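# Structural description and commentary
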Amino acid sequence: CKLYRRGVITGDLCKPLCERGQIEIMDCANLKHTQKKVIQVSCVDACKRGRTVPAFLKTEKKDTKSALKELPPWQGPGNDAEDFLTESRDIILKYVNTHIGFDPFRNRDPLKVIWGQGSERDLQHVQYASAVWRSLSMLFRSQGRQSEYILGKALADYRIFPEMYGSCGHYYLEESCPPRPFDWTPPQLAHLHHREASWIGRAQDALNILQLIERLETALPSPMIACDVKLENLGFCSEGDLRVIDSTSYFFNVSTPRPSQPCSVTGSPCHIWQRRCPGTCDALRGVCVMRNSVNLE
C-alpha cells in the first residue's frame, strides 16, 4: 500500500485494499504445495455490488520489494505514457500466445480485458502508465508468474476458472470457490460415509459436472490438457457454478510436449509439462504420451 500511495504500483484492488477498508483479512491459508501466499478475506461491496462475499487474496511467496527488484529493465523507446502502455500490451500478448495458443480477446484491446481499470485520462499520465507497466510485469514476467490470474482474466467469458476481482501490484483477488464433498458416494468409498445422498443433490452435482465438461469441450477454440483430475481441484462458486480451482494442472495444447526425463523403454512411466503430468513412454516416437487420469480410470 505504501508503494501504491507513492505511485510505484497500481491496480483496481489498491483503493478497496489500501484506502476504503473494503478488503477485511479473515485468516491465513498458505498452501505449501503451491508456493503461494493465500489469505482468506471478506470483500465488502467491492467484488459484488451491495454484497459481502468471501474471497482469496493471493500472490507468490515473496515480498513486494523483491518482486520489484526482479522486474525486467525498461525496453521501451522512450518514457512517455504510450510507450509504457504499448509494452504492457506486448507483455500480455506474448504470454497469451505462448501459454494459451489462441486469441481470447476477439478484437478487443488486451490491456482493457486484462487490466480493465483506470480512465483514459489516467492512462495518459506517465506516472500512472508506468505503474501499470510495473504491476503487469510483476504479474506476468516476474520469477513466479501468476498464471492463475492471467488465465482467469483472459478466459473469464468461458466460465472455467474462478472470477478474478482485481489486482494491486503482484497481489490479486480471486473469487472463493471452495471444494466441497459432492452429494454422492462412489461405491468403492461407500464404507467411509454414513449418510445417504439425496436424489436431488446427486442430480444437481451431475448437472454441474456436465455443464463444466460442456464448456471445456465446446466453448474453447483449443483443447485443454488436464493433468490432475480430482474432486479437490473443482470448487463451487457463489452462484453455484462448478469451476476449476487448480489452474496449475491445466494446460493448453500449444505444442507437442517432450519428456522431461530420458524416455527409451516403451510403457515405462515418464512425465511431461515440466514433470507435472504423468505419462507413458512411447520409445518409437521418443515422446512421453499423456495417460488417463487415475481418478477417471
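Residues numbered from 1 in each chain as written. Predicted model: local features only at pLDDT ≥ 70, side-chain atom pairs only at ≥ 80, totals over all residues. Heavy atoms only, no water.

## Remarks on the overall build of the protein chain
Along its length, the protein chain carries nine helices and 12 strands. Per-residue burial over the protein chain gives 45% buried out of 297 residues. For the protein chain, the share of sequence-separated contacts (at least 6 apart) that also reach a separation of at least 24 residues comes to 55%. Accessible surface for the protein chain amounts to roughly 16,300 Å². Of this, 52% is attributable to carbon and sulfur atoms. (Helix = DSSP H or I, 4+ residues; strand = E, 2+ residues; numbered from the N terminus. Buried < 20%, exposed > 50% of the residue type's maximum accessible area, 1.4 Å probe, protein only. Contact = heavy atoms within 4.5 Å. Areas by Shrake-Rupley, 256 points an atom, 1.4 Å probe, with all protein chains shown as cover.)

## Overview of the nonpolar core
Ranked by internal contacts, the top residues of the largest apolar core, which has 41 residues, are Ile92, Ile100, Leu136, Phe140, Leu155 and Phe252. If you list the elements that add at least two residues to this core, you get α4 (81-99), α5 (110-114), α7 (126-140), α8 (147-154), β7 (234-236), β8 (242-244) and β9 (250-252). With 22 residues, the next largest nonpolar core counts Cys18, Ile23, Leu71 and Met138 among its residues. (Core = buried A, V, L, I, M, F, W, Y, C linked by side-chain atoms within 4.5 Å.)

## Thoughts on unusual backbone geometry
A positive phi angle, near 65°, is found at asparagine 107, a position not held by glycine. Its place among the elements puts asparagine 107 in the loop between α4 and α5. A positive phi angle, close to 55°, is found at arginine 159, a residue other than glycine. Inspection of the secondary structure assignment puts arginine 159 in the loop between α8 and β4 (164-168).

## Re a positive patch on the surface
A cluster of basic residues, Lys2, Arg5, Arg6, Lys65 and Lys69, forms a positive patch at the surface. Those elements that provide at least two residues to the positive patch are α1 (2-5) and α3 (64-69). Note that arginine 5 resides in helix α1. Owing to a relative accessible area of 55%, arginine 5 belongs among the exposed residues under this scheme. (Patch = residues over 30% accessible without salt bridge, like charges linked within 9 Å, V, L, I, M, F, W, Y side chains within 5 Å. Salt bridge = Lys/Arg side-chain N within 4 Å of Asp/Glu carboxyl O. Lys, Arg positive; Asp, Glu negative; His and termini not counted. Charge placed at Lys NZ, Arg CZ, Asp CG, Glu CD.)

## Section: the sheet that holds strand β5 (residues 171-175)
Hydrogen bonds along the backbone pair up the strands of a sheet, which may run parallel or antiparallel. With antiparallel pairing, the five strands of this open sheet are ordered in space as β1-β2-β3-β5-β4. In this open sheet, the two edge strands, each paired with only one partner strand, are β1 (23-28) and β4. The mean inter-strand angle of the sheet, taken between neighbouring strand axes irrespective of direction, is 30°. Bridge analysis of strand β3 (residues 52-60) against β5 gives four bridges, and the strand direction is antiparallel. When the sheet's bridge partners are listed, alanine 55 is paired in β5 with glutamate 175. (Pairing = 2+ DSSP bridges. Axes fitted to C-alpha atoms, helices over the stretch in contact; angles between N-to-C directions.)

## What about helix α9 (residues 199-219)?
Compared with the 30 Å implied by 1.5 Å per residue over 21 residues, the 29 Å span of α9 between its first and last C-alpha is a close match. Those residues of α9 that sit buried are Gly201, Asp205, Asn208, Leu212 and Arg215. Buried positions in α9, seen along its axis, are confined to an arc of 90° and lie on one side of it. In α9, those exposed residues whose orientation departs by more than 90 degrees from the buried face are Trp199, Ile200, Leu210, Glu217 and Thr218. (Expected span 1.5 Å × (residues − 1). Arc of directions from axis to C-beta.)

## Notes on the packing of aromatic side chains
Following the criterion strictly, the structure yields five aromatic pairs and no others. Here phenylalanine 102 and tyrosine 158 contribute two aromatic rings whose centre-to-centre distance is 6.4 Å and whose plane-to-plane angle is 90°, an arrangement assigned as edge-to-face. One end of the pair, phenylalanine 102, is in the loop between α4 and α5; the other, tyrosine 158, is in the loop between α8 and β4, and 56 residues separate them in sequence. On the basis of relative accessibility, which here comes to 6%, the residue tyrosine 158 falls in the buried class. With a centroid separation of 5.4 Å and an interplanar angle of 50°, the aromatic rings of tyrosine 149 and tyrosine 172 are classed as tilted. (Phe/Tyr/Trp six-rings, centres within 6.5 Å; stacked < 30°, edge-to-face > 60°.)

## A closer look at the side chain of asparagine 233
By secondary structure assignment, the location of asparagine 233 is in the loop between β6 (224-226) and β7. Overall, the relative accessible area of 8% leaves asparagine 233 in the buried class. In contact with asparagine 233, not counting residues within four places along its chain, are Asp228, Arg243, Val244, Ile245, Asp246 and Ser249.

## Digging into the state of the cysteines
Each disulfide consists of one covalent bond between the sulfur atoms belonging to two cysteines. One pass over the full model with this rule turns up four disulfides. The disulfide partner of cysteine 1 is cysteine 18, and the S-S distance across this bridge is 2.0 Å. Note on the cysteine 1 and cysteine 18 pair: the S-S dihedral is about -80°, so by sign convention the disulfide is left-handed. Separated by 17 residues along the polypeptide, cysteine 1 in the segment before α1 and cysteine 18 in helix α2 (residues 14-18) bring together distant segments of the chain. Accessibility expressed as a relative area gives 39% for cysteine 1, which makes it partly exposed. Owing to a relative accessible area of 11%, cysteine 18 belongs among the buried residues under this scheme. Paired by a disulfide, cysteine 43 and cysteine 47 hold their sulfur atoms 2.1 Å apart. The sign of the 100° torsion about the S-S bond sets the cysteine 43-cysteine 47 disulfide as right-handed. Under the relative-accessibility criterion, cysteine 43 is labelled buried at 0%. Relative accessible area serves as the criterion here: at 14%, cysteine 47 is assigned to the buried category. (Disulfide = S-S within 2.5 Å.)

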